[in-house]
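So the chains spell out like this:
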Amino acid sequence: MKTTAGLTIALTVILATNVFGGSLRVELDGSGDYVGIQEAVNAAASGDTILIGPGRWDQMYTYTIPAGGWTDQVIVAVDNKDLTLVGSGQGVTIIGPEVAPPFGNPGPIAIVGGTDHDLTVKSMTIENMRNGIYEWGKTLQVEDVHIRDCYLGSSPWATHGAEYVGCLFERCYERGIAAGSRASGMIIRNCEFIGWAQKHISLQGVEDILIEHCDFYTGNISVQFEGSSSYGVVQDCVFHSGYGPHIVATTYSHMTLNRCRMFGGIEQLHLVDYSVVTGEENEFLGTNLEGGGFGTIVAQMASLDLHDSHIYKGNAEYTVRFYDYPFFPNMGQHLENNYWGTSDSDSIAAWIYNEDDDSSLNIQTFIEPFYDHPIPNEPASMSDLKKMFR
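Residues numbered from 1 in each chain as written. Predicted model: local features only at pLDDT ≥ 70, side-chain atom pairs only at ≥ 80, totals over all residues. Heavy atoms only, no water.

### A look at the overall build of the protein chain
Along the backbone of the protein chain there are four helices and 36 strands. Residues classed as buried in the protein chain amount to 55% of the 390 residues present. Counting only contacts in the protein chain whose residues sit at least 6 apart along the sequence, the fraction spanning at least 24 positions is 54%. Of the roughly 15000 Å² of accessible surface on the protein chain, a fraction of 51% belongs to carbon and sulfur atoms. (Helix = DSSP H or I, 4+ residues; strand = E, 2+ residues; numbered from the N terminus. Buried < 20%, exposed > 50% of the residue type's maximum accessible area, 1.4 Å probe, protein only. Contact = heavy atoms within 4.5 Å. Areas by Shrake-Rupley, 256 points an atom, 1.4 Å probe, with all protein chains shown as cover.)

Okay, here's the thing in structure tokens:
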């Protein structure tokens, strides 16, 4: 099993190695070594850095994608070498057309990383593409990149880890970050996800996940773990608003949830199909939806173990809603040592739909002891961290 600490060390070694490579400058006005990014990529040696000047870069080429072998239109294709692509800043170096082209299937891709190599992308904006960054190599590092108005923000199928730091994902309509079981190791740190997305982060069968100090706005689902190989930590994040559940754990996935704060939404945590969610010091501050049998937390054939947290009902009918537990008799649901917005035990019990309400639910819910006063929890989001440096 890889660890996030090991992944960080591996990525650090890769970046240090790239420092000793050469650098090639690309400028639209001809003042650099090349006037096209792909020309520089083709000329570069493994370990080099491509410095990309200001302006819009939207010339596309036909490229055969390593995974599956289909051909597509891409702006930058990196294969058979380790490279670092560094722009001149968000909103200064722009990869993508001014107007989005018709999306094919899979459609145009801004940056593609090929097989068995390392790709780093920094300090630029990527926009109006079906896929912003598609990586099929060993590692991917993305830092200070704004990806907006793309169908998919980034697909990191990297076998040895991917890391996103200080990035902004805006209106990535289908997914902001999406990866499957080929990917191993994922760090998403100090990023913001804003505007509509079906899922801001969707990780299916991905091992060793760390999502921390991120902010999520609007969208349907903010974070989803799926599959028995998906396990990891979500911590110190703030979920500001949304239409669907903020966090979903499904199909045998395991999630540790610590020091997160959640506002509004139809649900704030939804777990299903033998998934497990554990954690502490979270704030579930209540949903927007009134009645309807929903709850701030909804669990179906899954296991909860949450402590030292605020769990509020908001406008929902229930604070926690359990349903459909036909198997595993007396499955324990551990919710001790939480604050429920009241010190009245009868109210707390009435707000939890469990085996006391439906004898067919084969669970045991434990809520005592509970706090009779709020607990001081202070998760630090990306916006909180920014304020510290203003």
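### Thoughts on a nonpolar patch on the surface
A cluster of nonpolar residues, Tyr-173, Trp-196 and Tyr-243, forms a patch on the protein surface that exposes about 330 Å² of accessible area. Tracing the backbone shows Tyr-243 in the loop between strand S23 (238-239) and strand S24 (247-250). Here Tyr-243 falls in the exposed class, since its relative accessible area comes to 54%. (Patch = residues over 30% accessible without salt bridge, like charges linked within 9 Å, V, L, I, M, F, W, Y side chains within 5 Å. Salt bridge = Lys/Arg side-chain N within 4 Å of Asp/Glu carboxyl O.)

### What about the pattern of salt bridges?
All told, the structure shown has ten salt bridges when counted by the stated rule. Arg-56 is paired through a salt bridge with Glu-127; the nearest N and O atoms lie 2.6 Å apart. Of the two residues, Arg-56 sits in strand S3 (residues 55-57) while Glu-127 sits in strand S9 (residues 118-127), which places them 71 residues apart along the sequence. Of the residues examined, Glu-127 reaches a relative accessible area of 5% and is grouped as buried. The partner of Arg-175 in a salt bridge is Glu-174, and the shortest N-O contact between them spans 2.5 Å. Since its relative accessible area comes to 22%, Glu-174 is described here as partly exposed.

### Regarding the state of the cysteines
Disulfide: a covalent bond connecting the sulfur atoms of a pair of cysteines. In the structure shown here, the tally under the stated rule is zero disulfides. In this structure Cys-191 is a free cysteine whose sulfur lies 4.6 Å from that of Cys-167, the closest cysteine sulfur available. On the basis of relative accessibility, which here comes to 0%, the residue Cys-191 falls in the buried class. (Disulfide = S-S within 2.5 Å.)

### Concerning the confidence of the model for the protein chain
With 88% of its residues at a pLDDT of 70 or more, the protein chain shows a mean pLDDT of 88. When the criterion is pLDDT under 50, residues 12-18 qualifies, and its contacts beyond four places in sequence or with other chains add up to nine contacts. Under a pLDDT of 50 for its full length, residues 384-390 has, in the predicted model, five contacts with residues more than four places off or in other chains. (pLDDT = per-residue confidence, 0-100.)

### Focus on the environment of Thr-125
In this structure, Thr-125 sits in strand S9. Take Thr-125: its relative accessible area is 0%, and that puts it in the buried class. A C-alpha to C-alpha distance of 9.2 Å links Thr-125 and Leu-168, two positions 43 residues apart in sequence.

### Brief notes about the packing of aromatic side chains
Where two aromatic rings form a pair, the distance of their centres and the angle of their planes describe that pair. Going through the model one piece at a time under the given rule, you end up with eleven aromatic pairs. Relative to Phe-216, the ring of Phe-193 has its centre 5.0 Å away and its plane inclined at 10°; by these criteria the two rings are stacked. Of this pair, Phe-193 sits in strand S17 (residues 192-194) while Phe-216 sits in strand S20 (residues 215-216); the two residues are 23 residues apart in sequence, bridging distant segments of the chain. Since its relative accessible area comes to 0%, Phe-193 is described here as buried. (Phe/Tyr/Trp six-rings, centres within 6.5 Å; stacked < 30°, edge-to-face > 60°.)

### Some points on the environment of His-213
Counting through the fold element by element, His-213 comes out in the loop between strand S19 (207-212) and S20. For His-213, a relative accessible area of 18% gives the class buried. Expressed as a C-alpha distance, the spacing of His-213 and Val-238, which sit 25 residues apart in the sequence, is 7.7 Å.

### Some points on the nonpolar core
As a rule of thumb, soluble globular proteins bury nonpolar side chains together. Of all hydrophobic cores here, the largest spans 81 residues; its most connected members are Ile-111, Tyr-164, Ile-188, Ile-211, Val-234, Leu-304 and Phe-322. In this view, Val-234 contacts Ile-211, Val-223, Phe-225, Phe-239, Met-255, Thr-256, Leu-257, Asn-258 and Cys-260; residues no more than four positions away in its chain are not counted. Counting seven residues, the second-largest nonpolar core is a separate cluster that includes Tyr-63, Ala-77, Val-112 and Tyr-134. (Core = buried A, V, L, I, M, F, W, Y, C linked by side-chain atoms within 4.5 Å.)

### A short note on the pairing of strand S18 (residues 199-204)
Most of S18 sits out of view: five of its six residues are buried. Note that strand S15 (residues 175-179) and S18 share four bridges and pair parallel. Its bridge partner lying in S18, Ile-177 is registered against Ile-201. By the bridge criterion, five bridges tie S18 to strand S21 (residues 221-226) in an arrangement that is parallel. Paired with Ser-202 across the two strands is Gln-224, which belongs to S21. (Pairing = 2+ DSSP bridges.)

### Some points on the pairing of strand S12 (residues 152-156)
For S12, a buried count of five out of five residues is recorded, marking the element as mostly surrounded by other parts of the structure. As defined by bridge partners, strand S10 (residues 131-135) adjoins S12 across four bridges and the pair is classed as parallel. Considered in S12, the bridge of Asn-131 is made with Leu-152. Pairing of S12 with S15, which is carried by two bridges, proceeds in the parallel orientation. Among the inter-strand pairings, Leu-152 is bridged to a residue of S15, identified as Arg-175.

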